[in-house]
Amino acid sequence: MPTASSSGWLKWVGETLAKSNCNGEYVSPDPNNHKCLYALQLIKKCTERIYESHILEPKCEFLSPKPTDLLSSRLFMEDVPVDFLFLTKQERPCKIILVVVQNYNYMPAYIWANNKTVQEALHVKKTLLGNQGTVTNWQRCNTTMYTTSAYEIDVGSVLKHHQLLNEKGFQALVYSGDHDMTVPYLSTLKWIQNLNLTIDERWRPWYVNGQIAGYTEKYKNINQACITFATVKGGGHTAPEYKPKECLAMIERWLSLVPL
């Protein structure tokens, strides 16, 4: 495993080569551009052990939650294969964190989303006698969507939709956890800047209980439609999951039309 110093060197070399040879294309580079591919390989080597949804959490195997088993003593035997007993001491805490702590946090969502009254209010279609409808058993993460061709159309960009909503005068709050590498906040900030809006309030910290909860910037167009952008300090990909108090304060202030 690379040391901290060697990882830093790989990162520096990879970034330098990528900037020089990838022509700004890092997602779908030219397959014949071997210098670019090599640079991206070096960068990937440095980040392969990082948990992208929250960079400070351990990277563990994804375990599909089973909330109905949360109160069962057989939780680990059902959610994790038999070889759970053979995990090293270093691996076990990681599994426990994902299966127990996070599953308990997700329990209310399962109860709410699988409630018949809620599903009726949301017009969830029932599947009866083999007729095609919406699956009534809600899951937080349906991993089959990632491995099968469940979708026939993929949307390349929704920037034009944001542009239209902004032109129509809709107000928007856009936030990102600053520890999220799945969708880094700099990427979110970039698409907002591509709307060519005027900065109404410049980059500044926002606070909760006297502590910095993140940073914010406000944009507006000629119709006075505003986009408030905010980062959530210490937040991951699902920011309210990691920073519920801060995110609640953020949304309450925005809905009350007061500055963050």
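Further up the page is the structure itself.
A brief report on the enclosed structure follows.

Cut-offs and rules
- Residues numbered from 1 in each chain as written.
- Predicted model: local features only at pLDDT ≥ 70, side-chain atom pairs only at ≥ 80, totals over all residues.
- Heavy atoms only, no water.
- Patch = residues over 30% accessible without salt bridge, like charges linked within 9 Å, V, L, I, M, F, W, Y side chains within 5 Å.
- Areas by Shrake-Rupley, 256 points an atom, 1.4 Å probe, with all protein chains shown as cover.
- Salt bridge = Lys/Arg side-chain N within 4 Å of Asp/Glu carboxyl O.
- Helix = DSSP H or I, 4+ residues; strand = E, 2+ residues; numbered from the N terminus.
- Core = buried A, V, L, I, M, F, W, Y, C linked by side-chain atoms within 4.5 Å.
- Buried < 20%, exposed > 50% of the residue type's maximum accessible area, 1.4 Å probe, protein only.
- Phe/Tyr/Trp six-rings, centres within 6.5 Å; stacked < 30°, edge-to-face > 60°.

## Observations regarding a nonpolar patch on the surface
A grouping of W203, Y207, I212 and Y215 is seen on the molecular surface, where their side chains present a nonpolar patch of about 370 Å² in accessible area. Sorting the residues of the nonpolar patch by element identifies β2 (198–208) and β3 (211–220) as the ones contributing at least two each. Mapping Y215 onto the fold places it in strand β3.

## Points about the nonpolar core
Across soluble globular proteins, nonpolar side chains show a tendency to be buried alongside one another. Counting residues in hydrophobic clusters, the biggest one holds eleven residues: L173, W206, V208, A213, A230, V232, A239, C247, A249, M250 and L260. The leading source of residues in this core is helix α10 (residues 244–255), at three residues.

## Side note on the pattern of salt bridges
All chains considered together, the criterion is met by two salt bridges. Across the salt bridge formed by K220 and D200, the nearest N and O atoms sit 3.5 Å from each other. With K220 in strand β3 and D200 in strand β2, this residue pair connects regions lying 20 residues apart in the sequence. Here K220 falls in the partly exposed class, since its relative accessible area comes to 23%. The shortest N-O distance in the salt bridge between R204 and E201 comes to 3.9 Å. Judged by relative accessible area, which is 26%, R204 ranks as partly exposed.

## Details of the packing of aromatic side chains
The final tally for this structure, using the stated rule, is three aromatic pairs. Plain terms: the ring middles of Y110 and W138 are 5.1 Å apart, the flat faces sit at 70° to each other, and that makes the pair edge-to-face. Of this pair, Y110 sits in helix α4 (residues 91–113) while W138 sits in the loop between α5 (116–121) and α6 (144–147), and the two are 28 residues apart along the sequence. For Y110, a relative accessible area of 9% translates into the label buried. Centroid distance W203 to Y215: 5.9 Å. Interplanar angle 5°. Geometry classified as stacked. With W203 in strand β2 and Y215 in strand β3, this residue pair connects regions lying twelve residues apart in the sequence. A relative accessible area of 37% places W203 in the partly exposed class. Site record: aromatic cluster; members linked through ring pairs are W203, Y215 and F229.

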